[in-house]
Amino acid sequence: MATQEILAALEDAIYRQPPFCTGTIPVSSRDTTLFYKQGESASWLDLSQATEDQLQALADACEPATFGLGQRDVLDETYRKAGKMDSDKFLTSLDVDKLGIVARVHVQLLEGDDVEKTVNAELYKLNVYEKDSFFKTHKDTPRGDTMFASLVVAFPTPYEGGALVLRHNDEEWTFDSAALTREQAKPSIAYIAFFSDVDHEVAVVTSGHRVTLTYNLYLEDTPLREKLPASIKPVAADDSVFHTALSKALDDPSFLPNGGYLGFGLSFKYPIGLVEGRAAKHVLKGSDAMIFRVCQSLSVRPRLSAVYEVEELRVLVSAYYLVDNREYEEGIFQTLLWEFHGKIVLNFEEDIPLNPDTRTRLEREECIRMEWVTPLTTYSHFCSDYIAHGNEASAECIYADLCISAEVGPFGRRHEKCPSE
Ligand SMILES: O=C(O)CCC(=O)C(=O)O
Ligand SMILES: [Fe+2]
């Protein structure tokens, strides 16, 4: 088969599941009691049978919610109009672990080895969206490189509007928590967990009060403390179609006969730490995780990488390095090559280019030859160039556009085990 046909077949074989999971769970007053501070005193209400007056009092006890624009928290009610209460100002009786929400989200959003690790849900904020409240499109600010998803729990209070709309790779999904909770025979909460880098917005609430708790979900590198309940079955990861397509490609002597690299522009973005010298522990999401697993299982050496564009050349660097565009004595290009062990990415026809810093021809070893299976649509930003709409200012981490680069051996030596890294 011609190379282009093989690459297209590989791309078609990548299985993409939706970047979220949702559900409803019946609750009792034991789950929906909320205590909160109000100046020097305290109040409480039951969010499964709250009156208008109680909800208004809760809304009045909230502060206006800000959002993050790069490194700053800003209040701009044309972008986000909502009330927020920080987690030191209230106590909720809702336990997302006991209700099985964390376990469900765990098996529905993660696959492979990640199902054996521990997911921690960290309570972040309480939000009240009154009439005319909304939150325009944003990604949730990564708070640490092990944060992979956000969880929103909506209580059964009366309201209309306020649907959460998610958008990813030209697809759109709506989570209408008002309709979902209204439709249940018993008082129920509605939840949604989504990969935090997925664009999302809250539509305008047209009446009532939409009360939510938000949580940040982290994948810890420790084995699962308690077995997942038997009723919660892992969603079988569908690696088989891509596995078959990649094995077939590797068995084809005309496909990268002398070896080379396969590149995969990723479907999701990943948090990169802004604290220098700290290796990131990325939690790969959805189809990106699937690509990594399959490459590993076929001894095609996958690495999470960043590609920087410097003077029309593309330089591939491991995603574990943090690169910003301050003044480097040697020039940014030399620094990427020497300090960060970068390689110039060329296709199989290109001539070896000149080094833009020294104007001499680059060495063959400084370049790699790559075929892209899925295109890399955006190059990595140098850290200092980055400004984004988040739900909080980012101090520690930002999202980066990354790719997987996978090293394919020459035909006949493809399946040799690579030394572990
Ligand atoms: O309330 C929701 O459905 C989502 C809220 C949100 O996106 C946020 O607080 O960052
Ligand atoms: Fe958000």
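These figures come from a predicted structure and were not determined experimentally.

J.: Sorry, what's going on with the pairing of strand β10 (residues 117-129) here?
T.: Moving residue by residue along a regular strand, the side chains alternate between the two faces of the sheet. In the sheet, strand β8 (residues 83-86) pairs with β10 via 4 bridges, with the strands oriented antiparallel. Its bridge partner being in β10, D86 is matched across the sheet by K125. Here β10 pairs with strand β19 (residues 210-223) via 12 bridges, running antiparallel. Bridge pairing in β19 links Y129 to R210.

J.: Please clarify how the domain arrangement of the protein should be interpreted in this entry.
T.: Interface size is commonly expressed as the accessible surface area that is lost when the partners come together. Taken domain by domain, the protein consists of domain 1 (3-15 + 236-408) and domain 2 (20-223). Taken over C-alpha atoms, the centre of domain 1 sits 34 Å from the centre of domain 2. Tallying the contact residues gives 28 residues for domain 1 and 37 residues for domain 2. Summed over both partners, the interface of domain 1 with domain 2 comes to about 2800 Å²; 54% of that surface belongs to carbon and sulfur atoms. In this assembly, domain 1 and domain 2 are joined by 2 salt bridges. A salt bridge links K285 to D197; the shortest N-O distance between them is 2.7 Å. Counting every contact that joins domain 1 to domain 2 gives 7 residue pairs in polar contact (both at pLDDT 80 or more). Elements with a minimum of two residues in the side of domain 1 that touches domain 2: α7 (286-297), β26 (389-390) and β27 (397-400). The leading source of residues in the side of domain 1 that touches domain 2 is β27, at 3 residues. Tallied by class, residues from the side of domain 1 that touches domain 2 come to 15 nonpolar, 7 polar and 6 charged.

J.: Mind showing me how you'd approach the UniProt feature "domain: Fe2OG dioxygenase" (unreviewed entry) in the protein here?
T.: The residues that UniProt annotates with the feature "domain: Fe2OG dioxygenase" (unreviewed entry) are residues 118-219. End C-alpha to end C-alpha, residues 118-219 measures 6 Å, and it is 7% helix and 63% strand.

J.: How do you make sense of the packing of helix α1 (residues 3-12) against helix α6 (residues 240-250) when you look at a structure like this?
T.: The relative placement of two packed helices comes down to the angle between their axes together with the axis-to-axis distance. The interhelical angle for the contact between α1 and α6, taken along N-to-C directions, is 165 degrees, at an axis separation of 8 Å. If you check the angle between α1 and α6, you find them roughly antiparallel. Once α1 is placed against α6, the crossing between them reads as left-handed. Of the residues in α6, those touching α1 at I6, A9 and L10 are F242, A245, L246 and A249. For the contact of α1 with α6, a count of residues per class yields 7 nonpolar, no polar and no charged.

J.: It is not clear to me how the site of ligand 1 should be interpreted in this structure. Could you clarify?
T.: Near ligand 1 the following residues occur: R80, Y129, F135, H138, D140, V152, L164, H200, V202, R210 and N391. D140 is positioned such that a nitrogen or oxygen atom in its side chain is 3.1 Å from an oxygen atom of ligand 1. R210 places a side-chain nitrogen or oxygen 2.7 Å from an oxygen atom of ligand 1. Alone, ligand 1 offers 290 Å² of accessible surface; in the complex the protein occludes 98% of this. Elements with a minimum of two residues in the shell around ligand 1: β11 (134-138) and β17 (199-202). Residue composition of the shell around ligand 1, grouped by class: 5 nonpolar, 3 polar and 3 charged.

J.: What should I look at first to understand the coordination of the iron ion (ligand 2) in this one?
T.: Tetrahedral coordination by four donors places them ideally at 109.5 degrees to one another around the metal; octahedral coordination by six donors ideally gives 90 or 180 degrees. Taken together, H138 (NE2), D140 (OD) and H200 (NE2) make up the protein donors of the iron ion (ligand 2), found 2.0 to 2.1 Å from the metal. Counting the intervening residues between successive donors of the iron ion (ligand 2) yields the motif H-x1-D-x59-H. Note that D140 is positioned in the loop between β11 and β12 (147-154) and H200 in strand β17, a separation of 60 residues in sequence. The two residues D140 and H200 agree in class, both being buried.

Procedures and definitions
Residues numbered from 1 in each chain as written. Chains lettered and ligands numbered in written order. Predicted model: local features only at pLDDT ≥ 70, side-chain atom pairs only at ≥ 80, totals over all residues. Heavy atoms only, no water. Pairing = 2+ DSSP bridges. Helix = DSSP H or I, 4+ residues; strand = E, 2+ residues; numbered from the N terminus. Domains from an automatic or database assignment. Contact = heavy atoms within 4.5 Å. Buried area = accessible area lost by both parts, 1.4 Å probe. Salt bridge = Lys/Arg side-chain N within 4 Å of Asp/Glu carboxyl O. Polar contact = N/O pair within 3.5 Å; in protein donor to acceptor, adjacent residues only side chain to side chain. Nonpolar A, V, L, I, M, F, W, Y, C, P; charged D, E, K, R; others polar. UniProt positions renumbered as here; feature names shortened; annotations may be inferred. Axes fitted to C-alpha atoms, helices over the stretch in contact; angles between N-to-C directions. Parallel < 35°, antiparallel > 145°, perpendicular 65-115°, else oblique. Left-handed = near helix turned anticlockwise from the far one by under 90°. Near = heavy atom within 4 Å. Areas by Shrake-Rupley, 256 points an atom, 1.4 Å probe, with all protein chains shown as cover. Donors = N, O, S within 2.8 Å, 3.2 Å for Na, K, Ca; no water. Buried < 20%, exposed > 50% of the residue type's maximum accessible area, 1.4 Å probe, protein only.

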